[in-house]
Amino acid sequence: RELFCRSVLQLPIPSLSRPRQLRAMSGLIVTRDGGAPAERVPPKSVHVDVDVVERIARHRLAQTFVNSSPSYVEATYVFPLLEGAAISALRVVFSDGREISGEVRERSTAEAAFKDATSRGLRAAMLREESGDVFRTSIGNLGPGEEVEVSLEYCLELPVIDQAVRLTIPSHVAPRYCPSDGMTAAEVCSQAAISGYSSTAPGAAFAAKVEVNMAGGVCSVESPTHAVALTRHAAESGKILAEVQCSGLQCDIVLAIFPRELFRPVVVREVHTARGTEALMLSLVPRFEALTQRIEAVFLLDCSCSMDGQRIEQAKRATQIFLRSLPTDCFFNIVLFGSDYKILYRHGSVAYSQVSLQEATAYVDNISADMGGTNILDPLSSTLAQPPITGTQRQIFVLTDGQVSNQQAIIDLVRAHRCRVFSIGIGSGVSTALVNGVARASRASAAFVQDREGLEAVCIDMLRKASSRSVADVTVSWPVVPALRSQTRLQPMLAGEGFSAFTLFPHSPLPEGAVVKVTGDLGTGRLEFEVPVPSSETVVDRGSEAVLHHMFARRLIAEMQEADPPMTSREDIVQLSVTYSVLCAHTALIAVDRQGVERPASVVKASDITGYGAIDIALLMQRVHDLQIDLHDLHDLQIEAQSACCYESMEFRAQSLSLCRRARWAKGPHWPSVVGLCSAIAEGALGALRRVARVGWQQQHQQQEQQEQQCGQQQQQQQQQQQ
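Caption draft 1: Inspection of the overall build of the chain at higher detail. A count of helices and strands for the chain gives 15 helices and 34 strands. Expressed as a percentage of the 723 residues in the chain, the buried residues total 53%. Of all intrachain contacts in the chain linking residues separated by at least 6 positions in sequence, the fraction that spans at least 24 positions is 74%. When the accessible surface of the chain is split by element, carbon and sulfur atoms take 50% of a total near 32000 Å².

Pasting the structure below:
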């Protein structure tokens, strides 16, 4: 009885004590029993399979780790993904062949479920977002010498840089500078997770296999970072296979894909049969002569210590290219920043001339990365506070490795001012969340370059975009579909910049010859064109394959999170994330090995403890543990009931648990009280769940009736308005 009660109440039992949890450092971080110092376990291998269709890339990332310690551990590791990735699946395979898969839940609920599972000796895994481009996975009860493979599935939209579709597979998270203030609570937690993180792992195998499929064909695939092996499909000219293999995680893998018809707009269709919905994506790279404008260019150059070496040379080279390519009628200034900042012309920007160009060129030549930490907020705030030169539009260019932890304060500052901020991320490990976030908040453009990558085309293209106005009043008219339709907010349209839009609606046949119409104001005339909707469609029946649905949901979640002022609540974002199985900052992917068995204790004689005689304590604990699993399942079902999910099947699922059958496994002349207690708890839990299911089903049925009535009223109003 004492063993049973202590186990059910989750009181500490010496042989089943839970290892302490430490913050993530480099690779896989483990803590031994007894609180021994944490041991760094770098990844053994990282392999990525990528399918690129037009400008959407679907990734399957597999990372392998080995617990070389002699004890069971709870492990945590931090890894990077590109900002904007829609993570939809988590799968963990252990060395014994057992596999667990994750589901999206509200974050605090997932954390509680993970804590409960690991405390009971079950193997579990949880994936959370620490920041827009940094994620953390925790693995509970990893055995000594055990190998584990953690697989993720995610998709994202690829940018267009220098007339090439750019695919980047990040390798590591660089340490980030912590300012004295300006960090949100979430950023403080994120910084604690990645503090001291450096997963260069020189012995790890890093490989990628990329299959590119574009309707107009592919000219070539190149890489500025690694050697690439290419294989073309003889039967299909639009397909090409690229493979990269290397050792170590020091450098990101970057591929530049050159389409044959880059400027050809396309519409892609996807039907999700299980949901009965259809998603459309419009993808194009606009090409037009935009109206130019007189600018004041301010260059913010990162001179922090993290830029030392090749990165500061890249930043200096890029600044020199910008200076020599500026329009002759512009004004300009240069700001160097680190822990503090310096301004070349303290009294404001100066007119572009041969004299000012020579002064600025000499100034940039003497720059070095010796200004401490990366504090972007103060120099950016000072620059934005100054009034622009009369008759010009101020355009700010930020060149940085983005290694800061207060990125939300920087993005909020940019969003509050009507000034475009173009950003260039330099090197591997750069914060894509900061670089993309600043550009998106100011309706500008972002680019990334590696340490030894060419800069001329990137800088000239960005300067051309800054000197031109974006298309105003852009509208996208989708085909005639039922009234229930949702679409994403439109991005700014810049010449040569990738543009996309998504819509989702109940699936129904589209009219023959359906088109998507795009219109806008160029300043010098109207922009109008139509893109035909293909008759063929991609049909998926599993949620993990619904790439366009995931992209739609991820774009919508980002818009809801970035809305100023907020138009939706946190609960709405969580509901959208759970419904479409797309991870966000307020949710987590949780996987628990429900069928697992707690690590058995050694067999002892009960006569050494009590007067009952010899019994197998390990077997008794296993039976008790079976009951714990069932009670945990009941708890999960109750949570589902409270969140209004499928009440009709609750009672059936509760009965199928067969708790009493498991309780009767514990046969023996000295165990009748244990069997009785197990049965009583099981029957009580089942009865409670049935009551919850009945009440919840009634409430949901009433809500459905109210919704149907509201829809009927809305349809009547629409018909009256049409009449």
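Caption draft 2: Broad picture of the pattern of salt bridges. Tallied over the full model, the rule gives 32 salt bridges. With a closest N to O distance of 2.6 Å, Arg269 and Glu278 form a salt bridge. Summarising the burial analysis for this pair, Arg269 and Glu278 share the class buried. A salt bridge links Arg542 to Glu545, with the nearest nitrogen and oxygen atoms 2.9 Å apart. Here Glu545 falls in the partly exposed class, since its relative accessible area comes to 25%.

Caption draft 3: Geometry of the environment of Val515. Looking at the secondary structure, you find Val515 in strand 31 (residues 515–521). It is 6.0 Å that separates the C-alpha atoms of Val515 and Pro479, two residues lying 36 residues apart in sequence. Apart from the residues within four sequence positions on either side, Val515 is in contact with Ser477, Trp478, Pro479, Glu530, Val531, Pro532 and Val533.

Caption draft 4: Expanded view of the nonpolar core. By size, the foremost hydrophobic cluster in this structure holds 54 residues, and its most contacted members are Val52 and Leu127. Broken down by element, the residue count for this core peaks at five residues, all from strand 11 (residues 147–157). If we skip the residues at most four places from it in the chain, Leu127 touches Phe79, Ile87, Leu90, Phe135, Arg136, Thr137, Leu152, Leu583, Ala588 and Leu589. Of all hydrophobic cores here, the second largest spans 40 residues; its members include Cys330, Phe332, Ile334 and Phe422.

Caption draft 5: Spatial organisation of the sheet that holds strand 19 (residues 266–272). Taken in spatial order, the five strands make up an open sheet running 29-30-20-19-33, and their pairing is mixed. Only two strands of the sheet have a single neighbouring strand rather than two, namely strand 29 (486–487) and strand 33 (538–540). Pairing of strand 20 (residues 277–284) with strand 30 (residues 499–506) involves eight bridges; the strand directions are antiparallel. Looking across to strand 30, one finds that Ala279 is bridged to Leu504. Across the sheet, helix 10 (residues 547–562) lies against strand 19, strand 20, strand 29 and strand 30, angled at about 105 degrees from strand 30, the strand it touches most.

Caption draft 6: Examining the packing of helix 10 against helix 11 (residues 570–579) more closely. Contact geometry of helix 10 with helix 11 gives a least axis separation of 10 Å together with a crossing angle of 170 degrees. Classed by the angle they form, the pair helix 10 and helix 11 counts as roughly antiparallel. Where helix 10 approaches helix 11, its residues Ala553, Leu556, Ile557, Met560 and Gln561 are matched on the opposing element by Asp572, Ile573, Leu576 and Ser577. Residue classes in the contact of helix 10 with helix 11 are distributed as six nonpolar, two polar and one charged.

Caption draft 7: Fine view of the side chain of Glu278. When you line up the elements, Glu278 lands in strand 20. The class for Glu278 is buried, based on a relative accessible area of 0%. Only 2.6 Å separates the side chain of Glu278 from the side chain of Arg269, close enough to count as a polar contact.

Caption draft 8: The arrangement of the packing of aromatic side chains in detail. Summed over all chains, the structure comprises ten aromatic pairs. When the ring of Phe79 is compared with that of Phe135, the centres are 6.1 Å apart and the planes differ by 25 degrees; the resulting orientation is stacked. Taken together, the positions of Phe79 in strand 5 (residues 73–80) and Phe135 in strand 10 (residues 134–142) put the pair 56 residues apart, joining distant regions of the chain. Here Phe79 falls in the buried class, since its relative accessible area comes to 2%. Ring centres of Phe397 and Phe422 lie 5.6 Å apart, and the angle between their planes is 20 degrees; on these two criteria the pair is classed as stacked. A residue pair is termed long-range when its members are at least 10 positions apart, and Phe397 in strand 25 (residues 393–400) and Phe422 in strand 26 (residues 420–426) qualify at 25 residues. Each member of the pair Phe397 and Phe422 is classed as buried. Taken together, the ring pairs in this structure connect Phe65, Tyr77, Phe79 and Phe135 into an aromatic cluster. Above the plane of the ring of Phe94 lies Arg123, whose end atom (NZ or CZ) is 4.2 Å from the centre. Above the plane of the ring of Tyr580 lies Arg275, whose end atom (NZ or CZ) is 5.1 Å from the centre.

Caption draft 9: Representation of helix 9 (residues 456–466) within the structure. Those residues of helix 9 that sit buried are Val458, Cys459, Asp461, Met462, Leu463, Lys465 and Ala466. Residues of helix 9 that are buried make contact with strand 12 (160–161), strand 21 (295–302), helix 4 (310–325), strand 25, strand 26 and strand 27 (446–449).

Caption draft 10: Region of interest: the pairing of strand 4 (residues 56–66). With nine of eleven residues buried, strand 4 is to be regarded as a mostly interior element. Bridging between strand 3 (residues 45–53) and strand 4 involves nine bridges; their strand directions are antiparallel. Paired with Val50 across the strands is His59, a residue of strand 4.

Caption draft 11: Region of interest: the pairing of strand 19. Of all seven residues in strand 19, six are buried; the element is thus mostly enclosed. Pairing of strand 19 with strand 20, which is carried by seven bridges, proceeds in the antiparallel orientation. Considered in strand 20, the bridge of Val271 is made with Glu278. Here strand 19 folds back onto strand 20, and the loop between the two strands holds four residues, one of which, Gly276, carries a positive phi near 70 degrees.

Calculation criteria
- Residues numbered from 1 in each chain as written.
- Predicted model: local features only at pLDDT ≥ 70, side-chain atom pairs only at ≥ 80, totals over all residues.
- Heavy atoms only, no water.
- Helix = DSSP H or I, 4+ residues; strand = E, 2+ residues; numbered from the N terminus.
- Buried < 20%, exposed > 50% of the residue type's maximum accessible area, 1.4 Å probe, protein only.
- Contact = heavy atoms within 4.5 Å.
- Areas by Shrake-Rupley, 256 points an atom, 1.4 Å probe, with all protein chains shown as cover.
- Salt bridge = Lys/Arg side-chain N within 4 Å of Asp/Glu carboxyl O.
- Core = buried A, V, L, I, M, F, W, Y, C linked by side-chain atoms within 4.5 Å.
- Pairing = 2+ DSSP bridges.
- Axes fitted to C-alpha atoms, helices over the stretch in contact; angles between N-to-C directions.
- Parallel < 35°, antiparallel > 145°, perpendicular 65-115°, else oblique.
- Nonpolar A, V, L, I, M, F, W, Y, C, P; charged D, E, K, R; others polar.
- Polar contact = N/O pair within 3.5 Å; in protein donor to acceptor, adjacent residues only side chain to side chain.
- Phe/Tyr/Trp six-rings, centres within 6.5 Å; stacked < 30°, edge-to-face > 60°.
- Lys NZ or Arg CZ within 6 Å of the ring centre and 35° of its normal.

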